[in-house]
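# What the coordinates show
The residues making up each chain are set out below.
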Amino acid sequence: MTQKTLPAKYYLSHARELFGFVNEQCACLLTEEHSDYLAAYERLSEDAQCMLVRFLSRKPHFLARDSLQYAEIDNPSRRLEELQAAGFISTPSIEDWPRFATALTKAMLLDCLNRSTIKVKRTTPKTELVQLVLAHVDPADSQLAPLRNAFLIRRKQRVIDYIMFLFFGDLRNRFQKFAMRDLGVLKTRKSKATLVARFSCREEAISGFILHSRRRDFLFRPSELREETASYLLSCTAQGAVALEERDKLLLEVGNAFVDDQPEYAIRLWRASNDPAAIERWVRESYKHMDREALQTELEELRNQEMPAISKVFLEDFYVRKYQGKRTSIFTDMLRERSNKMRIDDAYMNDVEQGVIDHYRRQGIDSWFTENRFWRALFAFTFWQLLFNNSQKQHSEFDRLPAVLRTRQFYTDQQAAIEQALQLLDDRDAAKRTFIRLASRHYGYPTGIFRWRADLLDSILPSLE
């Protein structure tokens, strides 16, 4: 098979695709600062645009000048000067020193210390060298100027992060996915559906971006940022489904960072979250550290309130075990009530599932080991037209999940259509024909719900019987 090759400036078309979408579909979500960034990019020469995209595609914030040499870009030094003049990049300043020091190589750190007459062993770990440099090296020292001039840093980082967030819905992705798509390495959810912005208003977009950014930063530096992040979470108002989900997850994670030394504060954080795991944590920790009678009264009230099913099951189970003397969990009861004991050969000790399958097959009963793959595929096939038809909104061909599943309002928004789709399962033959047709027509299409396999329908079709 012939491997695909990309044109020399392939990434420039990717930038135009991304920036064009943001300019056209997300104009109402941009502030003046974001619009100015995109306009300034358009005013650059083509080679300067190429250099900026190259710069943005690199992970480090600080890049050595001599690493920015590309055959397809004419006069790279001139293009870097153009980007500096437009404010996209600059040499590191004295204010950048703490971050800049962490980006230096071990040899550079040792050289900085030697210039300051600080003697250390060459075997000293880099993390210790960084701390010594920050403590003993004056960033204003003129001797460091050549070192700083050898590097360049991206400016307006939060501006470009927000633009990328509008397109991808996260802060992990840059332009590399476009190249993977063009090379055929990454399958995308291409359709005739109109691409639309993933946020309905600027306030929701900014709220989601801020909380997404804070969660990324906290997960990278939890001990350093836990106080600041907790204070922000308890005072902020999340706007929109994306921001609410990020806030709930972050409240759980920050609470986990406090539970060992400040359990009451951790409980306060978890109580502010609607994440099922956070609800479970505050209930369990409250039972350990707080007034158990007050907790019992609160749980009795919560049992009658609307909430996600997973939380409902946990609260009911916790209540009857802790306050009504029940000794086993609901899951243990289910296993005991519905289990069938069977003897299988010791040969299946490390492959029990296959032993069970062979046990049934010897009785002429077909069986399959499916786990959750079966239910995910059955869900997708049953509601295919509601999830993947061309009339549905799509934010980006790179999104794994359909847009209608991202807000957790699928049934609320499409109750009548869902009930109608479920009626298909009442006609076994019609359902089987529909599923076979869908699998034949769409095999390999990236759904974000299940993975295609050649034997995918082997267990689904018999289940319709």
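Our subject is the structure that appears above.
All of these numbers come straight from a predicted model, not from anything done at the bench. (Residues numbered from 1 in each chain as written. Predicted model: local features only at pLDDT ≥ 70, side-chain atom pairs only at ≥ 80, totals over all residues. Heavy atoms only, no water.)

Of the regular secondary structure elements, the protein holds 26 helices and three strands. Overall, the C-alpha framework of the protein stretches about 80 × 60 × 55 Å when taken along its three principal axes. Out of the 465 residues in the protein, the part that is buried amounts to 42%. A fraction of 66% describes how many contacts in the protein between residues 6 or more apart in sequence connect residues 24 or more apart. If you sum the accessible surface of the protein, you get close to 27,000 Å²; carbon and sulfur atoms cover 49% of it. (Helix = DSSP H or I, 4+ residues; strand = E, 2+ residues; numbered from the N terminus. Buried < 20%, exposed > 50% of the residue type's maximum accessible area, 1.4 Å probe, protein only. Contact = heavy atoms within 4.5 Å. Areas by Shrake-Rupley, 256 points an atom, 1.4 Å probe, with all protein chains shown as cover.)

For the rest of this paragraph, the subject is a nonpolar patch on the surface. Together, Val313, Ile330, Phe331 and Met334 make up a nonpolar patch on the protein surface, roughly 330 Å² of accessible area in all. If you tally residues by element for the nonpolar patch, the top one is helix α18 (residues 330–338), at three residues. Looking at the secondary structure, you find Met334 in helix α18. For Met334, a relative accessible area of 38% gives the class partly exposed. (Patch = residues over 30% accessible without salt bridge, like charges linked within 9 Å, V, L, I, M, F, W, Y side chains within 5 Å. Salt bridge = Lys/Arg side-chain N within 4 Å of Asp/Glu carboxyl O.)

Here Arg174 is to be found in the loop between α9 (157–168) and α10 (176–182). Polar contacts involving the side chain of Arg174 include one to the side chain of Asp161, which spans 2.5 Å. Apart from the residues within four sequence positions on either side, Arg174 is in contact with Leu56, Gln157, Asp161, Met164 and Phe168. (Polar contact = N/O pair within 3.5 Å; in protein donor to acceptor, adjacent residues only side chain to side chain.)

Turning our eyes to something else, we now look at the pattern of salt bridges. The tally for this structure, following the rule as stated, stands at 33 salt bridges. With its nearest N and O atoms 2.9 Å apart, the salt bridge here joins Glu72 to Arg54. Here Arg54 lies in helix α3 (residues 46–57) and Glu72 lies in the loop between β1 (62–64) and α4 (76–85), a separation of 18 residues in the sequence. In terms of burial, Glu72 and Arg54 fall into one category: buried. Among the salt bridges present, the one from Arg181 reaches Asp182, with a minimum N-O distance of 2.9 Å. For Arg181, a relative accessible area of 13% gives the class buried.

Further remarks concern the environment of Gly355. By the element assignment, Gly355 lies in helix α19 (residues 352–361). We classify Gly355 as buried; its relative accessible area is 0%. As a C-alpha pair, Gly355 and Leu132 span 223 residues in sequence and 60 Å in three-dimensional space. For Gly355, the residues in contact, after removing those within four places along its chain, are Ile344 and Tyr348.

Attention shifts here to the side chain of Thr447. Checked against the element boundaries, Thr447 lands in the loop between α25 (428–442) and α26 (457–463). Engagement of the side chain of Thr447 in a polar contact is seen with the backbone nitrogen of Ile449, the distance being 3.0 Å.

Its 15 residues place the ends of α25 21 Å apart at the C-alpha level, agreeing with the 21 Å of an ideal helix rising 1.5 Å per residue. Along α25, the residues that are buried comprise Ala430, Ala431, Thr434, Phe435, Leu438 and Ala439. All buried residues of α25 fall inside an arc of 165° around its axis, so they share one side. Across from the buried face of α25, at angles greater than 90 degrees, the exposed residues are Arg433, Ser440 and Arg441. The inward-facing, buried residues of α25 abut α20 (373–382), α21 (384–388) and α26. Just downstream of α25 lies Gly444, where phi reads positive at about 95°. (Expected span 1.5 Å × (residues − 1). Arc of directions from axis to C-beta.)

This brings us to the packing of aromatic side chains. With the rule as written, the count across this model stands at 36 aromatic pairs. Pairing Phe62 with Phe100 gives two aromatic rings, centres 5.2 Å apart and planes at 45°, and the pair type is tilted. Taken together, the residues span a long stretch of sequence, with Phe62 in strand β1 and Phe100 in helix α5 (residues 97–103) at a distance of 38 residues. Since its relative accessible area comes to 8%, Phe62 is described here as buried. (Phe/Tyr/Trp six-rings, centres within 6.5 Å; stacked < 30°, edge-to-face > 60°.)

As a packed pair, α9 and helix α11 (residues 202–220) sit with axes 10 Å apart at the nearest point and diverge in direction by 110°. Judged by the angle between their axes, α9 and α11 are roughly perpendicular. Viewed along their axes, α9 and α11 form a crossing whose handedness is right-handed. On the side of α9, the interface is formed by Arg158, Asp161, Tyr162, Phe165 and Leu166, while α11 contributes Arg202, Ala205, Ile206, Gly208, Phe209, Ile210, His212, Ser213 and Arg216. Residue composition of the contact of α9 with α11, by class: seven nonpolar, three polar and four charged. (Axes fitted to C-alpha atoms, helices over the stretch in contact; angles between N-to-C directions. Parallel < 35°, antiparallel > 145°, perpendicular 65-115°, else oblique. Left-handed = near helix turned anticlockwise from the far one by under 90°. Nonpolar A, V, L, I, M, F, W, Y, C, P; charged D, E, K, R; others polar.)

With that settled, the discussion passes to the environment of Ser213. Within the fold, Ser213 resides in helix α11. With a relative accessible area of 2%, Ser213 lands in the buried category. The spacing of Ser213 and Glu203 is ten residues in sequence and 15 Å in space, taken between C-alpha atoms. For Ser213, the residues in contact, after removing those within four places along its chain, are Arg158 and Leu171. Looking at Ser213, its side chain comes within polar contact range of the main-chain oxygen of Phe209, at 2.8 Å.

What follows is about the sheet that holds strand β2 (residues 89–90). Consider a sheet: its strands pair through backbone hydrogen bonds, and that pairing is either parallel or antiparallel. Taken in spatial order, the three strands line up as β1-β3-β2 in an open sheet, and their pairing is antiparallel. The sheet is open, and its two edges are formed by β1 and β2, each paired on a single side. When β2 meets strand β3 (residues 151–154), the two strands line up antiparallel, connected through two bridges. Within the sheet, the bridge partner assigned to Ile89 lies in β3 and is Arg154. Sheet strands in contact with α3 are β1, β2 and β3, and its direction is about 85° off that of β3. (Pairing = 2+ DSSP bridges.)

In short, shape yes, function no, at least from these values alone.
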